[in-house]
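# Summary of structural features
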Amino acid sequence: MKKLLLISLILLLSLFSVNAAGVVDLTGVTPQPATVDPSSSIILTVNIANTGDATINSVLLSSNDLTFGTNKINAPSISSVASLTITTPQSIQFTINVGAVPAGVYSGIITATDASNSLNKDTITYTVTVNPKAILNLVPSDKLTITSQPDKSRSKTFTVKNDGSVPLTPTVNIAGNFTDNDNDQITFPGFPLTLSAAI
């Protein structure tokens, strides 16, 4: 009888050992809410724990694009976790690069997946709020040089860029100082030009 009980106990322990497994658990993203200006970046942290009973050797982390209506912020790259034990939760930082996008609340989803078991995974939703901010830039930003000969025409191009998160209607005053062959200064008085600078 004792031998039978001992064998049953060994089988039970063996079964428990075989079934031991880690469980991926995404516990949060900080800061939330997160706010950022357009044409800049923000660092967030995703927190992950193992709520199972065995170490997970590798956890892959990824995010989709963050969206606000039809607008989007490209998905960030998030480093994987090499070893996730049941006693040590981990925090992984990642950077979101925000371009010139409309102001609003952008939502994304982070997915954590056990590299050896794709069914063992978890997801969490997070948001980034892009502040309304006007940012207008000219390219080139310093000066525009046009060189020409008498009775010849030359042209140069400048670009008006809206690097902010709100539509703009800027007025650009085009003026210039030119030098002729005798080094005489010729002043172009300029004229206002109203443009529409969408995001």
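Note that the coordinates shown come from a computational prediction; the quantities given were computed from them, not determined experimentally.

Calculation criteria
Residues numbered from 1 in each chain as written. Predicted model: local features only at pLDDT ≥ 70, side-chain atom pairs only at ≥ 80, totals over all residues. Heavy atoms only, no water. Helix = DSSP H or I, 4+ residues; strand = E, 2+ residues; numbered from the N terminus. Buried < 20%, exposed > 50% of the residue type's maximum accessible area, 1.4 Å probe, protein only. Contact = heavy atoms within 4.5 Å. Salt bridge = Lys/Arg side-chain N within 4 Å of Asp/Glu carboxyl O. Pairing = 2+ DSSP bridges. Polar contact = N/O pair within 3.5 Å; in protein donor to acceptor, adjacent residues only side chain to side chain.

Moving on to the overall build of the protein. Regarding its fold elements, the protein presents one helix and 13 strands. Element order for the protein, N to C, with α for helix and β for strand: α-β-β-β-β-β-β-β-β-β-β-β-β-β. Going through the 199 residues of the protein one by one, you find that 26% of them count as buried. Once local pairs closer than 6 in sequence are excluded, the contacts in the protein between residues at least 24 apart make up 62%.

The subject of this paragraph is the pattern of salt bridges. Oppositely charged side chains may form a pair once their charged atoms are brought near each other. Counted under the stated rule, the structure contains three salt bridges. With a shortest N-O distance of 3.4 Å, Asp65 and Lys72 are connected by a salt bridge. Among the salt bridges present, the one from Lys161 reaches Asp163, with a minimum N-O distance of 3.9 Å. Among the residues examined, Asp163 registers a relative accessible area of 14% and is labelled buried.

With that settled, the discussion passes to the environment of Ser107. Structurally, the position occupied by Ser107 is in strand 8 (residues 104-114). Since its relative accessible area comes to 31%, Ser107 is described here as partly exposed. Not counting residues within four places of it along the chain, the set of residues in contact with Ser107 comprises Asp65, Leu66, Thr67, Tyr126 and Thr127.

In this section: the side chain of Thr113. Tracing the sequence through the fold places Thr113 in strand 8. A residue is classified by how much of its surface remains accessible, and Thr113, at 18% relative accessible area, is buried. Setting aside residues no more than four positions away along its own chain, Thr113 makes contact with Ser58, Val59, Leu60, Ser118, Asn120 and Lys121.

Taken across its eleven residues, strand 3 (residues 40-50) has eight buried, putting it largely inside the fold. As judged from the six bridges shared by strand 1 (residues 24-30) and strand 3, these two strands associate in the antiparallel manner. Opposite Leu26, over in strand 3, you have Ile48 as the bridge partner. Pairing of strand 3 with strand 7 (residues 90-98), which is carried by nine bridges, proceeds in the antiparallel orientation. In the strand pairing of strand 7, Ser40 is matched with Val98.

Our next topic: the environment of Ser116. By secondary structure assignment, the location of Ser116 is in the loop between strand 8 and strand 9 (117-130). Residue classification places Ser116 among the exposed positions, given a relative accessible area of 69%. Each C-alpha atom of the pair Ser116 and Ser58 lies 7.5 Å from the other, and the pair is 58 residues apart in sequence. Within the local environment of Ser116, its side chain forms a polar contact with the side chain of Asp114, the two groups lying 2.9 Å apart.

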